[in-house]
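Secondary and tertiary structure notes
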Amino acid sequence: MAMPADVPSADARYFGKLAEGIFEIPRCRTCSRHHFFPRVCCPHCGSQDLEWVAPAGAGVVYSSTIVRRPGGDYTVCLVDLQEGPRLMSRVVDIPVDEVRIGMAVRARIDQTTEGPLLVFIPEGARS
Amino acid sequence: MVIDQQRGAVAILGTGLAGLGHAGGRTEQEIIAQASCRAVEQSGLRMKDIDGIITSSLTSPWWVMRMAEYLGIRPRFSDSTMFGGSSFIADLKIAAMAIAAGECENVLICYGSTPRSVPSSSRINQMRAELDPQPYEHPYKPFNPVSSYALAAARHMHQYGTTRQQLAEVAVAARQWAQLNPDAFSRDPLSIDGVLGAKMISDPLTVRDCCLVTDGAGAFVVTSAERSRALHAKPVYVLGTGHAHWHRQISCMDDVTVTPAVDSGRRAYAEAGLRPSDVDVVELYDAFTINPILFLEDLGFCKKGEGGAFVEGGRIAPGGDFPMNTNGGGLSCTHPGMYSIFLIIEAVTQLRGEADARQVRDAEVALVHGNGGVLSSQATALLSTSL
Ligand SMILES: [Zn+2]
């Protein structure tokens with residue numbers, strides 16, 4: 001009996017695309033809602049009829065903290081995407097104490113030594 | 001079979017503590033066993049009468065088998081579901097269901113850990129992260145659990161105008177209660193400025209907004225209310241319990257200012273037939289200073305957004321009109337990884353009138369509320385001296 005072809009996990013699909021510089025999230029064809037983190041079933045309605053779509057990249061900072069570590073301070077934020085889902089990320093390219101709740105931000109993919117990382121920059125800033 | 005979750009169907013008998021603060025070389029199994037032996041003895045029972053056991057561990061998935069083995073218990077009923085720090089209040093409901101179903105008669109609930117005397121190695125911390133992967137949060141290096149609670153605190157401040165001074169009031173009140181409790185770990189004076197000026201960990205939370213890391217073990221025994229009267233002069237009745245969880249990761253929480261305590265509390269009040277105004281003493285899991293503020297709101301002691309103002313002016317401190325976290329809490333008494341077992345033990349101590357210098361006068365009804373994960377699991381119970 002032939003083995004079924006490998007289907008990448010939602011995690012592998014997401015991070016594989018991110019490594020190619022592409023940010024995509026799942027959207028449900030049944031209820032039309034997006035979700036994050038990526039799953040094989042829609043957390044809003046339970047449907048497995050999902051598609052990957054590219055969000056606009058626009059978001060708003062929902063909450064933010066500055067993590068104070070010996071190696072240097074950095075932000076950890078919750079960002080609400082225009083499409084609805086919330087995700088954890090980091091606002092970069094501005095001083096950590098200038099990140100504000102309610103700030104409009106735009107997604108950017110940074111390739112780091114630890115892998116691709118989705119970060120956000122202030123809306124209007126040059127990437 | 002439909003299990004009738006009767007109000008007050010079970011009661012808490014004896015309680016035990018061991019190894020609080022620094023276990024002095026004893027292992028976690030040893031201090032849990034010491035606390036358990038005390039709890040069983042104070043229940044008017046012998047270890048062979050224990051036919052149910054509930055315990056859990058932050059590290060070992062085999063924990064209930066290891067503890068039963070250690071104590072020589074061959075349980076008819078056992079459970080080890082992990083609800084983080086809220087586990088031991090959630091376990092009250094599990095014990096009540098097991099007893100009501102006739103699965104067992106006398107349930108030992110116990111927990112302990114020694115993170116102060118034996119700090120987790122970076123290897124253990126790495127293993128824990130790998131066993132509970134969060135690939136959409138870990139890359140951003142939140143200093144968890146602090147950073148997740150900091151995100152909730154920052155949003156609460158933004159949305160409702162809650163201030164860092166109001167957060168600090170929670171820590172200062174906890175310290176004042178701890179100064180009345182000889183078992184408490186941190187008893188030095190602490191001021192609002194002392195909290196605000198302490199080392200910042202994850203804004204807006206300083207190290208004094210964060211719970212302790214101490215050793216400690218606790219245990220208690222649950223049996224049917226009917227049997228309890230023959231065994232103990234002062235059984236403490238479990239009038240109602242509620243448990244709820246909606247998320248695991250902070251990024252999956254709809255509104256970080258509204259916790260599943262709204263559900264756990266509603267279920268516990270409904271089963272008990274009580275309202276917030278019926279409660280004499282309140283023990284809320286204070287892993288961080290924002291937590292009690294959120295829970296006071298979600299459990300109906302004040303409106304959403306008013307928790308900061310509620311705790312102002314020493315209201316929750318000794319001498320205030322709202323006695324809360326009377327042992328000094330996780331902030332100043334003890335916090336060995338998971339804390340909620342100590343909320344129950346303190347509530348029982350208060351309801352029995354055995355709290356000495358910190359005794360709340362005429363305490364007849366206590367509310368205990370446990371939190372687990374990052375505001376993830378919420379468990380509430382209403383306890384009383386009478387049915
Ligand atoms: Zn759907």
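What you see is a predicted model, and the numbers here were worked out from it, not measured in a lab. (Residues numbered from 1 in each chain as written. Chains lettered and ligands numbered in written order. Predicted model: local features only at pLDDT ≥ 70, side-chain atom pairs only at ≥ 80, totals over all residues. Heavy atoms only, no water.)

**Structural notes on the overall build of chain A**
A tally of helices and strands in chain A yields 1 helix and 7 strands. Shown N-terminal to C-terminal, the secondary structure of chain A runs as helices and strands in the order α-β-β-β-β-β-β-β. Projected onto its principal axes, the C-alpha coordinates of chain A cover approximately 60 × 30 × 25 Å. Considering only residue pairs separated by 6 or more positions, chain A has 42% of its internal contacts joining residues 24 or more positions apart. About 6700 Å² of surface is accessible on chain A, with carbon and sulfur atoms providing 51% of the total. Side-chain charges of chain A comprise 14 positive and 15 negative groups, with the mean position of each set lying 3 Å from the other. (Helix = DSSP H or I, 4+ residues; strand = E, 2+ residues; numbered from the N terminus. Contact = heavy atoms within 4.5 Å. Areas by Shrake-Rupley, 256 points an atom, 1.4 Å probe, with all protein chains shown as cover. Lys, Arg positive; Asp, Glu negative; His and termini not counted. Charge placed at Lys NZ, Arg CZ, Asp CG, Glu CD.)

**What to know about the interface of chain A and chain B**
Between chain A and chain B, the contact holds 29 residues from the first and 26 residues from the second. Together chain A and chain B conceal approximately 2400 Å² of surface at their shared face, both sides included; 59% is due to carbon and sulfur atoms. Linking chain A with chain B are 2 salt bridges, by the criterion used here. Of the charged contacts in the structure, one is a salt bridge between Glu114(A) and Lys141(B), with a shortest N-O distance of 2.6 Å. Here chain A and chain B share 16 residue pairs in polar contact (both at pLDDT 80 or more) between them. Every element with two or more residues in the side of chain A that touches chain B is listed here: α1 (10-19), β3 (58-67), β4 (74-81), β5 (86-89) and β7 (115-122) of chain A. When residues in the side of chain A that touches chain B are grouped by element, the largest group, 6 residues, is from β3(A). A class-by-class count of the residues in the side of chain A that touches chain B yields 18 nonpolar, 4 polar and 7 charged. (Buried area = accessible area lost by both parts, 1.4 Å probe. Salt bridge = Lys/Arg side-chain N within 4 Å of Asp/Glu carboxyl O. Polar contact = N/O pair within 3.5 Å; in protein donor to acceptor, adjacent residues only side chain to side chain. Nonpolar A, V, L, I, M, F, W, Y, C, P; charged D, E, K, R; others polar.)

**What about the packing of aromatic side chains?**
For the structure shown, the criterion picks out 13 aromatic pairs over all chains. Ring pairing ties together the aromatic residues Tyr14(A), Phe15(A), Phe23(A), Phe36(A), Phe37(A) and Tyr136(B), which thus form one cluster. Cation over ring: Arg39(A) sits above Phe37(A), and NZ or CZ is 3.8 Å from the ring centre. Above the ring of Tyr62(A), the side-chain terminus of Arg86(A) is found at 3.5 Å from the ring centroid. (Phe/Tyr/Trp six-rings, centres within 6.5 Å; stacked < 30°, edge-to-face > 60°. Lys NZ or Arg CZ within 6 Å of the ring centre and 35° of its normal.)

**Notes on the domain arrangement of chain A**
Residues and elements named next belong to chain A. The assigned domain composition of chain A is domain 1 (10-53) and domain 2 (58-122). For domain 1 versus domain 2, the separation of C-alpha centres amounts to 21 Å. Contacts between the two partners involve 11 residues from domain 1 and, on the opposite side, 10 residues from domain 2. Summed over both partners, the interface of domain 1 with domain 2 buries about 830 Å², with 79% contributed by carbon and sulfur atoms. The tally of links between domain 1 and domain 2 comes to 0 salt bridges. Viewed at the interface, domain 2 and domain 1 are joined by 1 residue pair in polar contact (both at pLDDT 80 or more). The greatest single-element share of the side of domain 1 that touches domain 2, amounting to 4 residues, is contributed by α1. Counted by class, the side of domain 1 that touches domain 2 contains 8 nonpolar, 3 polar and no charged residues. (Domains from an automatic or database assignment.)

**As for the environment of Lys48(B)**
Position of Lys48(B) relative to the elements: it lies in the loop between α1 (28-42) and β2 (52-54). In this structure the C-alpha to C-alpha distance between Lys48(B) and Ile73(B), which are 25 residues apart in sequence, comes to 6.7 Å.

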